Amino acid sequence: MSEISLEVIVTGLVQGVGFRPFIFRIATKAGLTGWVLNTNENVKILVTGDPVNISSFLTALRNEAPPASMIEAISTVEIKSAVFDSFRILESHNVSDEITEISPDIAVCNDCLEDITKSGSRLNYAFVNCTNCGPRFTIIQDLPYDRAKTTMKTFAMCPECREEYETVTDRRFHAQPTACSNCGPTYELYAGQSKVSESIDVILDRVSQSVENSGVVLIKGLGGMHLACDAFNETAVKKLRDLKNREGKPFAVMFRDIAQLKIHAEVNEIEEQSLVSWRRPIVLLKKKNTTQQHVLAQNLNAGLNLLGVMLPYMPFHYMLFQQLKTSAIVLTSGNFSSEPILIDNKPALEQFLPVVDLAVMHNRDIYNRTDDSVTRIIGGKERIFRRSRGYAPAAVRTAMNTEGIVAFGAELTNCFCVGKGQKAFLSQHIGDLQGLETIQFYENTIKQFISLFRVKPELLAVDMHPEYISTKAGLNYGNFQVVKIQHHHAHIASCMAEHMLDEKVIGVALDGTGYGTDGHIWGSEFLVCDLNDFTRITHFDYIPLPGGDSAAEEPWRTAVSFLYKVYGKEFLSLGLPFLNHLDPDKVALIIQMIDKKINCPLSSGAGRLFDCVASLLDLVQEATFQAEGPMRLEAIVRTDCTESYAFECKETIQFGLTIQEITDDIRRGTDTSIIATKFHNTIILAIFETVKSIRLKEGINKVVLSGGVFQNKYLLEGTIQVLLKNNFEVYSHATVPSNDGGIALGQLAVASKRRELLCV
Ligand code: ZN
Ligand code: ZN
Ligand code: FE
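Residues numbered from 1 in each chain as written. Chains lettered and ligands numbered in written order. Predicted model: local features only at pLDDT ≥ 70, side-chain atom pairs only at ≥ 80, totals over all residues. Heavy atoms only, no water.

Draft legend 1. Examining the coordination of the zinc ion (ligand 1) more closely. Coordination of the zinc ion (ligand 1) by the protein comes from Cys109 (SG), Cys112 (SG), Cys130 (SG) and Cys133 (SG), over a distance range of 2.3 Å. Geometry at the zinc ion (ligand 1) is tetrahedral, judged from its 4 donor atoms and the angles of 102 to 119 degrees they form at the metal. Written as a sequence motif, the donor arrangement for the zinc ion (ligand 1) is C-x2-C-x17-C-x2-C. Remark: cysteine 130 occurs in the loop between helix H3 (110-117) and helix H4 (159-166) and cysteine 109 occurs in the loop between strand S5 (87-89) and H3; sequence separation between them is 21 residues. (Donors = N, O, S within 2.8 Å, 3.2 Å for Na, K, Ca; no water. Tetrahedral: all angles 85-135°; square planar, octahedral: opposite > 155°, others 65-115°. Helix = DSSP H or I, 4+ residues; strand = E, 2+ residues; numbered from the N terminus.)

As structure tokens, this is what we get:
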């Protein structure tokens, strides 16, 4: 058969992920000639060969692409036959001012791990990387992705590294962070007030000794500082907790390997895939009740059955576990609660050296701060709860024109989002916009994204809440048009954008709090909406929230409010055990506040209903971390109970009967796990009944689920199941957080739609 030539254009996340060497490999293997080159918009390939070989090349292109790449589209055009004598990688060139995408950071690959064990300049060298792995986003200062535009620019490559970097067949061909012990970054150890060593052997030795002896060590990582200690040592964990001033919030644990991890947590196949993927997130798993002597410290996860676990992802982690006797260490963000994770050596040493036993720094600067990402497998799918290292700043692909839109996000768990073409670049996890440092991080990162992705802001999108820092940031940003978007409409729009939906849907947004258009606090919203607008069909009935937002920190207040609404003052004489743990004067004060309507905004927040039940069951009265009540409630749910409580669907959805029946169950001495399960089943049923009646009236069959409450596995799985069984088409979040970290994408989607309809 005669030879043909084909021009192939590949778009997507195809740069900085070992794509050209991959093309070189599969083209040569198929016996093709031609070339491949990077432009700033795509990867361009020209292949000449017989059609059968070209077809097998295209199959390999589709099926064997490097794991960290994301092919958006492959287009092919047959051209006039061109003759080449070999296949070559050509010099890159820029064809326009467009930008390519930035790869997230990639966990160290097996080839590089092997390099650490071989004699030569990478023996025991903790900064190995190649085109298939290593730092990316965290070190990138500008595009196009080139060493001179990364924090590696201060390290001049030695001749050997340079040679690898320039050899097309080498694994380090154009690997921008290429380095070895002769030319690259190094670790340094600090103790007391001073630097004590730069030898990696000494550092690993001292750190392991310290960890074995209940020490707490500060370790500079990929996207920020970590604090580490032995995960089996209660004293060490306590020390770490005191040091961070973080009372209850669970700590993440890094295990030596998957085998050790499986001893302590239940891992199914999909969870394992998430754990070992190149993204290496923290995965929330069910803790095993091991009968082994060696049990994880109880104070790690505040007695919850969920545990955030991860596997090593930096060469240093692997090298440390080689030395450590323990199979698991706590690895939590190096910061004081409420501040963003520290990235610079000097402030980190100043703040932490006086309080930790050792500090391990390195001299490769972190430019873009990233936290460890958090996922949970629900309904057989990976769901992102915190989208940062390994995930950001990968583009979210949409079906809309997003150009020039900047969406500022919500107040807590903030991420913002910028639009370019049809892509949405959702920022890494920023955090709660409360402390000065986090607000600075927020403002700086917005600037960085706008410059990095060459965004020319045209249209801004903010939450309707006038007091959100993010709303104010948008309003003060400059002389641009600003679209204000209702919080729960943005939640639903976010999930719609993730699934490229652009039509009328039934939206169910369940979360803690969001600004409502009627002046009340919303948080359990059943909407009929499209990307442009929404109608609020119904919601959980309002209850007064004594103390407003601070009620979320003290679930007992909400419980008192619910009981008072259902029983009046009689609830005090029902003999409910949880009341014994409350100060009667405080309870009386709450009742007075409700009566006199003092600082008692009305709320329909689903999170508060969960808080109420968690408090009634005496699982928590004062929350030590966000959503503690709902998490404790979910933690005791069982799988062998299908019963539920009564509720009423009137103009609103009312849970007065539910509270009564729960109260009866408590007084009867029913097991708390049964009550918690019946309560969950009740919510699932309430969602189902409500969307069923909306479908009947509106003829809409697509249901979109969003909001932080759907991070509850039992609730999300149960809701999806019952809706699917009744022939609904169900959409829920996977690659974008369903909590407020996903809001910005929804804001961007609504702004884009309104611009399209000329509504702005
Ligand atoms: Zn590698
Ligand atoms: Zn070198
Ligand atoms: Fe929300």
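What follows picks up the thread again.
Draft legend 2. Up close: the coordination of the zinc ion (ligand 2). The coordination sphere of the zinc ion (ligand 2), as far as protein atoms go, consists of Cys158 (SG), Cys161 (SG), Cys180 (SG) and Cys183 (SG), spread over 2.2 to 2.3 Å. For the zinc ion (ligand 2), the 4 donor atoms in the first shell make angles of 104 to 117 degrees at the metal, a pattern classed as tetrahedral. The sequence motif formed by the donor residues of the zinc ion (ligand 2) is C-x2-C-x18-C-x2-C. One end of the pair, cysteine 158, is in the loop between H3 and H4; the other, cysteine 180, is in the loop between H4 and strand S6 (187-191), with 22 residues separating them in the sequence. Take cysteine 158 and cysteine 180: they sit in the same class, and that class is buried. (Buried < 20%, exposed > 50% of the residue type's maximum accessible area, 1.4 Å probe, protein only.)

Draft legend 3. Spotlight on the side chain of asparagine 368. Structurally, asparagine 368 can be placed in the loop between strand S15 (358-362) and strand S16 (374-378). Residue asparagine 368 is classed as buried on the basis of its relative accessible area of 1%. Contacts of asparagine 368, omitting those with residues within four sequence positions, involve Phe137, Thr138, Ile140 and Gln448. (Contact = heavy atoms within 4.5 Å.)

Draft legend 4. The arrangement of the sheet that holds strand S2 (residues 33-38) in detail. The strand order S4-S1-S3-S2-S5 describes an open sheet built from 5 strands, whose pairing is mixed. Two strands close off the open sheet at either side, each with one partner strand: strand S4 (70-79) and S5. For this sheet the average axis-to-axis angle between neighbouring strands, irrespective of direction, equals 15 degrees. With 3 bridges connecting them, S2 and S5 associate as parallel partners. (Pairing = 2+ DSSP bridges. Axes fitted to C-alpha atoms, helices over the stretch in contact; angles between N-to-C directions.)

Draft legend 5. Looking closely at the domain arrangement of the chain. When the domains of the chain are assigned, the result is domain 1 (4-89) and domain 2 (187-362). The straight-line distance from the C-alpha centre of domain 1 to that of domain 2 is 42 Å. (Domains from an automatic or database assignment.)

Draft legend 6. Quick look at the packing of helix H5 (residues 200-212) against helix H9 (residues 315-323). Between H5 and H9, the least distance of the axes is 9 Å, while the angle of their chain directions is 60 degrees. With respect to H9, the axis of H5 lies oblique. Crossing angle aside, the handedness with which H5 passes H9 is right-handed. Of the residues in H9, those touching H5 at Ile200, Ile203, Leu204, Asp205, Val207 and Ser208 are Phe316, Met319, Leu320 and Gln323. Here the residues of the contact of H5 with H9 are counted per class, giving 7 nonpolar, 2 polar and 1 charged. (Parallel < 35°, antiparallel > 145°, perpendicular 65-115°, else oblique. Left-handed = near helix turned anticlockwise from the far one by under 90°. Nonpolar A, V, L, I, M, F, W, Y, C, P; charged D, E, K, R; others polar.)

Draft legend 7. Representation of the packing of helix H1 (residues 19-29) against helix H2 (residues 51-63). For the pair H1 and H2, interaxial distance at closest approach is 10 Å and the crossing angle is 150 degrees. Once H1 is placed against H2, the crossing between them reads as right-handed. When H1 is examined against H2, the residues Phe19, Phe22, Ile23, Ile26 and Ala27 are found in contact with a partner set consisting of Phe57, Ala60 and Leu61. Here the contact of H1 with H2 is built from residues that sort into 8 nonpolar, no polar and no charged.

Draft legend 8. Main features of unusual backbone geometry. Here alanine 392 and proline 393 are connected by a cis peptide whose omega angle stands at 5 degrees. Even without glycine at this site, arginine 454 takes up a positive phi of about 50 degrees. Tracing the backbone through its elements, the reader meets arginine 454 in the loop between helix H11 (436-452) and strand S22 (459-463). With a phi close to 55 degrees, lysine 597 is a non-glycine residue in the positive phi region.

Draft legend 9. Region of interest: the nonpolar core. Ile23, Ile45, Phe57 and Phe316 are the most contacted members of the largest nonpolar core, which totals 147 residues. Per-element tally for this core: the top contributor is helix H19 (residues 672-698), with 10 residues. Residue assignment places this core across two domains, with domain 1 (4-89) and domain 2 (187-362) each supplying three or more. Dropping the residues within four chain positions of it, isoleucine 45 is found in contact with Leu6, Glu7, Val8, Val10, Ile23, Trp35, Val36, Phe57 and Phe87. Core analysis: the second largest hydrophobic core is formed by 39 residues, Met400, Ala410, Ile485 and Leu745 among them. (Core = buried A, V, L, I, M, F, W, Y, C linked by side-chain atoms within 4.5 Å.)

Draft legend 10. Representation of the pattern of salt bridges within the structure. Applying the stated rule across the entire model yields 39 salt bridges. A salt bridge links glutamate 272 to lysine 262, with the nearest nitrogen and oxygen atoms 2.8 Å apart. Placement of the pair is glutamate 272 in helix H8 (residues 269-276) and lysine 262 in helix H7 (residues 258-264), with a sequence separation of 10 residues. Judged by its relative accessible area of 25%, glutamate 272 falls in the partly exposed class. (Salt bridge = Lys/Arg side-chain N within 4 Å of Asp/Glu carboxyl O.)

Draft legend 11. Just the pairing of strand S12 (residues 282-287), in detail. For S12, the buried fraction is high: 5 of the 6 residues fall into the buried class. As paired elements, S12 and S16 share 2 bridges and run parallel to each other. When the bridges of S16 are listed, isoleucine 282 appears paired with valine 374. Sheet analysis places S12 next to strand S13 (residues 306-310), joined by 4 bridges and oriented antiparallel. Residue pairing for S13: leucine 284 is matched across the bridge by glycine 308.

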